[in-house]
Structures are given as C-alpha cells and as structure tokens.
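What the coordinates show
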Amino acid sequence: MGSPLELKFLQLFEKHGFHPQKQIPVPTNTPISVADFVLPERRLAIYIDGTAFHKGGNRLRDKFIRDRLRNANPPWQVVELNATDLARGKALVEELKSK
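These lines cover the structure that appears in this document, whether it is placed above or below. (Residues numbered from 1 in each chain as written. Predicted model: local features only at pLDDT ≥ 70, side-chain atom pairs only at ≥ 80, totals over all residues. Heavy atoms only, no water.)

**A word on helix α3 (residues 89-97)**
Every buried residue of α3 is listed here: G89, L92, V93 and L96. Viewed along the axis of α3, the buried residues span an arc of 95 degrees, placing them on a single side of the element. Packed against the buried residues of α3 are α1 (4-15), β3 (44-48) and β4 (77-81). (Buried < 20%, exposed > 50% of the residue type's maximum accessible area, 1.4 Å probe, protein only. Helix = DSSP H or I, 4+ residues; strand = E, 2+ residues; numbered from the N terminus. Arc of directions from axis to C-beta. Contact = heavy atoms within 4.5 Å.)

Below, the structure written as structure tokens:
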C-alpha cells in the first residue's frame, strides 16, 4: 500500500467482502496511471486522495489523467475517495460493489 490512508480503505474493503486489485496500471493495455484499487473487469478505478499530496500541480495532473480515463472508449468508472469517506463504512463498500 502506498499510504496509511490506503491501508485503512483496504481494511474497510476486506472487512465487508470487497476485494479489488491493488496498485494496478490503468488502462491495462497502455497505462497512463496507477490506481490505488481496480476492478479491471468492470473498468472501475479507485483513487485514494490524501490532502497532503494532492495539491497544486499534482491535483491538476490527477484531474487530467482521471478525465482521460472517464473519456476513454470504453470509459472507465473513476471513484475518488478521501479520509472523510471512511466514515461511510459498509454503505460505501456496498456502493462500490454495485458499480
């Protein structure tokens, strides 16, 4: 895992039976990014955004990459989570499972 926040999300996911792949290049044929969690068969990329890292140029770069994924053919579903999303617990996991 790349950060303590990512580990907390992994623990939440596993607690509720959600098992995405970790640290996977997307798209899988010509990668433009490494997502924190991925369900390639559903074209679902999950990014965990910590406030300390995603500022200024990093935020603009991430927006550009994620927009490219959303606009790919076929498109990727891109979910961006931050620390406040942890409080959603099981409801968040159920939402991700249904995407």
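**Looking at the packing of α1 against α3**
Their axes nearest at 9 Å, the elements α1 and α3 cross at an angle of 75 degrees. Accordingly, the angle class assigned to the pair α1 and α3 is roughly perpendicular. Here F9, L12 and F13 of α1 lie close against α3, whose contacting residues are G89, K90, L92, V93 and L96. Grouping the constituent residues of the contact of α1 with α3 by class yields six nonpolar, one polar and one charged. (Axes fitted to C-alpha atoms, helices over the stretch in contact; angles between N-to-C directions. Parallel < 35°, antiparallel > 145°, perpendicular 65-115°, else oblique. Nonpolar A, V, L, I, M, F, W, Y, C, P; charged D, E, K, R; others polar.)

**Structural notes on the environment of P31**
In this structure, P31 sits in the loop between β1 (21-26) and β2 (33-39). Judged by its relative accessible area of 46%, P31 is partly exposed.

**Points about the nonpolar core**
By size, the foremost hydrophobic cluster in this structure holds 16 residues, and its most contacted members are F9, F13, I46, L81 and L96. For this core, the element with the most residues is α1, which contributes five residues. With near-sequence residues (within four places) excluded, L81 lies in contact with F9, F13, I46, Y47, I48, D49, L92 and L96. (Core = buried A, V, L, I, M, F, W, Y, C linked by side-chain atoms within 4.5 Å.)

**Side note on the pattern of salt bridges**
Two side chains with opposite charge may pair up if their charged atoms get near one another. Evaluated as defined, the whole model comprises 10 salt bridges. Taking the shortest distance from any N to any O, the salt bridge between D67 and R70 comes out at 3.5 Å. Linking D67 with R70, this pair stays in helix α2 (residues 56-70), spanning three residues, or about one helical turn. With relative accessibility at 26%, the residue D67 sits in the partly exposed group. For K97, the salt bridge goes to E94, with nearest N and O atoms at 3.6 Å. Note that K97 and E94 are positioned in helix α3 at a spacing of three residues, about one turn of the helix. Residue K97 is classed as partly exposed on the basis of its relative accessible area of 31%. (Salt bridge = Lys/Arg side-chain N within 4 Å of Asp/Glu carboxyl O.)

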